[in-house]
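This is what each chain is made of:
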Amino acid sequence: MNGHSEQPVSGARRLREMLADPSKTVVAPGVYDGITARLALAQGFDCLYMTGAGTSMSRLGMADLGLTTFTDMHTNAAMIASIDPSVPVIADADTGYGGPINVANTVRAYGRSGVAGLHIEDQIQEKRCGHLSGKQLVSREVYYNRLRAACKARDESGSGIVIIARTDAAAGKDAEGNGGFDEAVERLTKAADIGVDALFFEAIQSEDQCKEVIARLPKIPVLLNMVDGGRTPIISNERANEIGFRIVIWPTIALEAVMAAVGKAFQTMKKTGKTPEEPKMGPAGLFEVCGLKELMAFDEAVGGKAYSNS
Ligand SMILES: C[C@](O)(C(=O)O)[C@H](CC(=O)O)C(=O)O
């Protein structure tokens, strides 16, 4: 033993193992920072989803309108993936942030940082949340080039990062007017032929459409995007599994909880001059969510005295 017993764990490999069982559905709650990632991990989720909308709002204070750069997204994804490298993180990679060489750079960088999977979409650079109206798409050719670049970078880098092709065509159109349900099926069918690992049909409008998507895209795993108040009716993870979805992401679960709760706490402070009455965790309780005990134990294990009387 040389003491180097901790082998790097590949989130991508773990995600691929999870996807290899066709009877299983990977469930990934949306997280966007260290706190939400820690809270999801504490509940025992075996996969996390880094939401781009949440990253945009938490890091920039801006709505999901394509303002986040590669650096914003990569830095956040890398941080989240590093908290528990044994739990795969699927991260939003929007349009890939430019042309084919940008897409390739994104795939390589996410893979090097331990991100297990990412999705690349066919919106134009001035993109928006998939559940808003008026989405504009790049042409099929530009989209397919993005996907070819992503697959080539995955293969050349050897990271095995799971490439998920997302199309916004069901509720958007390109400059030639191509759009709608069948266009989305066509784009994702081609995506599977190009060699991506999974498919993301954005803004499915009904449970019947969910079934049709699964029937028409039989080749590789299909992801379901569950956004409360979005275009797709909410179904349970169990139902998604019965229909045949292999990944379910819940991008806004933490955003909905946090925004409502924090807004209420600030309102109470403004009205009463104090924090809300509810029981508090206290500083130690708060830090324990983010590894306080483990960090102190590590320090002590190597002879540190800094925290021994805390
Ligand atoms: C999945 C998504 O890309 C995200 O950023 O999390 C968003 C979610 C949202 O804005 O509600 C999307 O569906 O476009």
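The rules behind each value
- Residues numbered from 1 in each chain as written.
- Predicted model: local features only at pLDDT ≥ 70, side-chain atom pairs only at ≥ 80, totals over all residues.
- Helix = DSSP H or I, 4+ residues; strand = E, 2+ residues; numbered from the N terminus.
- Rg over C-alpha atoms; globule rule 2.2 N^0.38 Å.
- Buried ≥ 20, exposed ≤ 12 C-beta atoms within 10 Å, placed from the backbone.
- Contact = placed C-beta atoms within 7 Å.
- Arc of directions from axis to C-beta.
- Near = placed C-beta within 6 Å.
- Nonpolar A, V, L, I, M, F, W, Y, C, P; charged D, E, K, R; others polar.
- Core = buried A, V, L, I, M, F, W, Y, C linked by C-beta atoms within 7 Å.
- Pairing = 2+ DSSP bridges.
- Axes fitted to C-alpha atoms, helices over the stretch in contact; angles between N-to-C directions.

Peer 1: In this structure, what is going on with the overall build of the chain? I would like to understand it.
Peer 2: When its secondary structure is counted, the chain shows twelve helices and ten strands. In summary, the chain has a C-alpha radius of gyration of 21 Å against a globular reference of 19 Å for 310 residues, a match within 12%. Viewed in the frame of its principal axes, the chain has a C-alpha envelope of about 65 × 60 × 35 Å. The burial tally for the chain puts 41% of its 310 residues in the buried class. Partitioning the intrachain contacts of the chain with sequence separation of at least 6 by distance along the chain shows that 68% fall at a separation of at least 24.

Peer 1: Where do I start with helix H1 (residues 11–20) in this structure?
Peer 2: An α-helical turn contains 3.6 residues, so a residue and the one three or four places further along point in the same direction. What H1 keeps buried is the set Gly11, Ala12, Leu15 and Leu19. Each buried residue of H1 sits inside an arc of 100° when the element is viewed along its axis, so together they form one side. Opposite the buried face of H1, by more than 90 degrees, sit the exposed residues Glu17 and Ala20. Buried residues belonging to H1 abut strand S1 (26–31), helix H4 (70–83), strand S3 (89–92), helix H5 (100–112), strand S4 (117–120) and strand S6 (162–167).

Peer 1: What exactly am I supposed to notice about the site of the ligand here?
Peer 2: Residues in contact with the ligand amount to 14 residues; listed here are only the nearest, Thr51, Gly52, Cys129, Gly130 and Pro251. Among the residues forming the shell around the ligand, the class breakdown is four nonpolar, eight polar and two charged.

Peer 1: How should the nonpolar core be read in this particular structure?
Peer 2: Core analysis: the biggest nonpolar cluster contains 73 residues, and Leu48, Val89, Leu118, Ile164, Ala165, Leu199 and Leu223 have the highest contact counts within it. Residue contacts for alanine 165: discarding those within four places in its chain leaves Ile120, Leu147, Leu188, Ala191, Val196, Leu199 and Phe200.

Peer 1: How should the sheet that holds strand S9 (residues 222–225) be read in this particular structure?
Peer 2: Within a beta sheet, neighbouring strands are joined by backbone hydrogen bonds and run either parallel or antiparallel to one another. The strand order around the closed barrel built from eight strands is S1-S2-S3-S4-S6-S8-S9-S10, with neighbouring strands paired in parallel fashion. Geometrically, the sheet is characterised by an average inter-axis angle of 25° between neighbouring strands, direction not taken into account. Taken together, the four bridges between S1 and strand S10 (residues 247–250) define a ladder with parallel strand orientation. Bridge pairing in S10 links proline 29 to tryptophan 250.

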